[in-house]
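# Coordinate analysis (summary)
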Number of protein chains: 2
Amino acid sequence: MKLTDPKLPIIHDRHVSRPADRFKVEQLDLEFSNGERRRYERLISRGLGAVIVVPMPDPESVLLIREYACGMHRYEIGLPKGRLESGESIIEGANRELQEEVGFGARSLVEIGQLSLAPGYMTHVTHVILARDLYPSRLPGDEPEELEVIRWPIADLVSLIRRGDCTEGRSIAALYMARDLAGQV
Amino acid sequence: MKLTDPKLPIIHDRHVSRPADRFKVEQLDLEFSNGERRRYERLISRGLGAVIVVPMPDPESVLLIREYACGMHRYEIGLPKGRLESGESIIEGANRELQEEVGFGARSLVEIGQLSLAPGYMTHVTHVILARDLYPSRLPGDEPEELEVIRWPIADLVSLIRRGDCTEGRSIAALYMARDLAGQV
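Note on numbering: residues in each chain are counted from 1, in written sequence order. Working convention: letters from A go to chains and numbers from 1 go to ligands, in the order in which they are written. Predicted model: local features are reported for residues with pLDDT of at least 70 only, side-chain atom pairs are reported and counted for 80 or more only, and whole-chain, interface and lining totals are derived from all residues. Processing note: side-chain calculations cover all non-hydrogen atoms of the structure and skip hydrogens and water entirely.

Right, let's talk about the overall build of chain A for a bit. Across its full length, chain A carries 3 helices and 10 strands. Helix and strand assignments come from DSSP, with helices taken as H or I runs of at least 4 residues and strands as E runs of at least 2, each series counted from the N terminus. When the helices and strands of chain A are read in sequence order from the N terminus, they spell out β-β-β-β-β-β-β-α-β-β-β-α-α. Summarising its shape, the C-alpha atoms of chain A cover approximately 55 × 45 × 35 Å along the three principal directions. Only protein chains enter the accessibility calculation, which uses a 1.4 Å probe; a residue is then buried when its area is under 20% of its type maximum, exposed when over 50%, and partly exposed in between. Taken over 185 residues, chain A has a buried fraction of 55%. Throughout, a residue-residue contact means that at least one pair of heavy atoms, one from each residue, lies within 4.5 Å. Counting contacts in chain A only where the partners sit at least 6 residues apart, residues at least 24 apart contribute 66% of the total. Accessibility throughout is a Shrake-Rupley quantity obtained with a 1.4 Å probe, and a residue counts as covered only by protein chains that appear here. For chain A, the exposed area adds up to about 8,100 Å²; of that, 48% sits on carbon and sulfur atoms. The charge count includes Lys and Arg as positive and Asp and Glu as negative, but it does not include His or the ends of the chains. Here the site of a charge means NZ on Lys, CZ on Arg, CG on Asp, or CD on Glu. Computing the positive centroid from 24 side-chain charges and the negative centroid from 29, chain A places the two 4 Å apart.

Written out as structure tokens, the structure reads:
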């Protein structure tokens, strides 16, 4: 599938700072069962966890988004995702993110697993939600620009990975999980 | 496959600090192609990148490790991985991590892709290395205790995911990538 490349944002200014409010580090003094003592550090997630959504408009397709990824300073293709907000359930959060980022709601939303980001040093947990029975519905998001939505055949994840701009571990894991589990949930 | 649970380390002390040397934050002042200006923050990776290794002792099996994961404060099953060291190539780093964490070296090491961690706000990149033609070889690592090595049938990733202690996005993504690509590289 041939896609047109979007135009990268301009970097006007950059500086390195002491980590800001968004990132908090906890130090742990640990004793292992063999008596070994170690000091470990981990990044503490702010908030209530996150959701990643696998929207399937039909059993053969998945909807992906293309979004500017600041960490890589390039556009990345992946699944819609975001942080849970106060007072909403995991399923409600998934349906909100889906409407904000893809422009669809779902009548069927099922949690098919949980993914950690870097379990060795991050507390971050992402719930994987399979979304089916979609209907057009748009909620306003906080994105700086409209996100491109791409319909991809879920049988062909190899071509997607080989593009080089769909690299997020969680997106790739969630796509395969959906492919393996969609028939069973 | 039935596994015995290892004993968690004791937490003697914990405190939250200003993020330490390990984590550095960069602030970017960005202008999107539609003229929208935003300030983004991202976590800067220290070092030269990381490797994750998929060791296949035969075409049907993969070797996993079970290791204490401080971020989740539980033992997690996943693939061997680690940071690249100064002066070593990606392939050399992969073979070193394999010998440190699994007790095998590999005569065949092939990079089958790259994974980002959280491309929206982290610069972290992990090279995925398929390791085959293994031979017993142990290098000393810096782990606080010996790692348990588990041989798992690569055809049955669903049971692995359903255990609830194999949750890392990169490990799951790399396992599926190896399963899909091993026949082609």
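Note on the copies: chain A fits chain B at an RMSD of 0.0 Å, the axial shift is 0.0 Å, and the rotation between them is 180°. The superposition operator between the copies reduces to a two-fold rotation axis. In superposing the copies, a least-squares fit is computed on C-alpha atoms, taking residues whose pLDDT is at least 70 in both.

Attention now moves to the pattern of salt bridges. Opposite charge on two side chains lets them pair, provided their charged atoms get close. One side-chain nitrogen of Lys or Arg within 4 Å of one carboxyl oxygen of Asp or Glu is enough to make a salt bridge. For the structure on display, the rule yields 32 salt bridges over all chains. For A:Arg170, the salt bridge identified is with A:Glu168, shortest N-O distance 2.8 Å. Among the ionic pairs, B:Asp58 bridges to B:Arg151, the shortest N-O distance being 2.5 Å. Taken together, the positions of B:Asp58 in the loop between β4 (50–55) and β5 (61–69) and B:Arg151 in strand β10 (residues 148–153) put the pair 93 residues apart, joining distant regions of the chain. By relative accessible area, which is 22% here, B:Asp58 ends up partly exposed. The class of B:Arg151 is partly exposed, set by a relative accessible area of 47%.

What follows is about the domain arrangement of chain A. Residues and elements named next belong to chain A. Here chain A is partitioned into domain 1 (10–45) and domain 2 (50–184). The C-alpha-based centres of domain 1 and domain 2 are spaced at 27 Å. Facing 7 residues of domain 1, the contacting portion of domain 2 comprises 6 residues. Joining two parts hides part of their accessible area as seen by a 1.4 Å probe, and the buried area is that hidden amount summed over both. In this assembly, domain 1 packs against domain 2 so that about 570 Å² is buried in total across both faces, 53% of it on carbon and sulfur atoms. By convention here, the domain bounds are inherited from an automatic or database domain assignment.

Contacts between chain A and chain B engage 73 residues on the former and 73 residues on the latter. Summing both sides of the interface, chain A and chain B together bury roughly 7,100 Å²; the carbon and sulfur share of this comes to 59%. Remark: the boundary between chain A and chain B carries 2 salt bridges. A salt bridge links B:Arg179 to A:Asp180, with the shortest nitrogen-to-oxygen separation between them at 3.8 Å.

Residues and elements named next belong to chain A. If you trace the backbone, Glu-60 turns up in the loop between β4 (50–55) and β5 (61–69). Through-space distance from the C-alpha of Glu-60 to that of Pro-153 is 5.8 Å; in sequence the pair is 93 residues apart. Leaving out residues up to four positions away in the same chain, Glu-60 has contacts with Trp-152, Pro-153 and Ile-154.

All names here are of chain A. Compared with an ideal rise of 1.5 Å per residue, which puts 12 residues at 16 Å, helix α1 (residues 90–101) spans 16 Å between its outermost C-alpha atoms and is within 8% of the ideal. Taken together, the buried positions of α1 are occupied by Gly-93, Ala-94, Asn-95, Arg-96, Glu-97, Leu-98, Gln-99, Glu-100 and Glu-101. On the buried face of α1, the contacting elements are β4, β5, β7 (81–83), β8 (104–116), β9 (125–136) and β10 (148–153). Residue Gly-103 follows α1 closely and has a positive phi angle near 85°. A helix is expected to reach a length of 1.5 Å times the quantity of its residues less one.

Sheet strands line up and pair through hydrogen bonds in the backbone, either parallel or antiparallel. All names here are of chain B. Strands were regarded as paired on the criterion that DSSP finds at least two bridges between them. If you walk across this open sheet you meet the 4 strands as β7-β4-β9-β8, and the pairing is mixed. With one partner strand each, in any of the chains shown, β7 (81–83) and β8 (104–116) form the two edges of the open sheet. This sheet shows a mean twist of 25° between the axes of neighbouring strands, independent of strand direction. The sheet contact formed by β4 and β7 spans 3 bridges and is antiparallel. Across the sheet, Ala-50 pairs through a bridge with Arg-83, a residue of β7. Each axis is a line fitted through C-alpha atoms, taken for helices only over the stretch in contact, and angles between the N-to-C directions span 0 to 180 degrees.

Let us look at the nonpolar core. Generally speaking, a soluble globular protein has its nonpolar side chains buried in company with each other. Throughout this description, the term nonpolar core refers to a set of buried Ala, Val, Leu, Ile, Met, Phe, Trp, Tyr and Cys residues connected via side-chain atoms within 4.5 Å. If you look at the biggest cluster of nonpolar residues, it comprises 58 residues, and the most contacted ones within it are A:Val54, A:Leu64, B:Val54 and B:Leu64. Here A:Leu64 is in contact with A:Ile77, A:Gly78, A:Leu79, A:Glu148, A:Val149, A:Ile150, A:Trp152, A:Leu160 and A:Leu175, once residues within four sequence places are set aside.

This paragraph deals with the state of the cysteines. The disulfide criterion used throughout: a pair of cysteine sulfur atoms within 2.5 Å. Counted according to the given criterion, the structure contains 0 disulfides over all chains. A:Cys166 takes part in no disulfide bond, and the closest cysteine sulfur, belonging to A:Cys70, lies 19 Å away.

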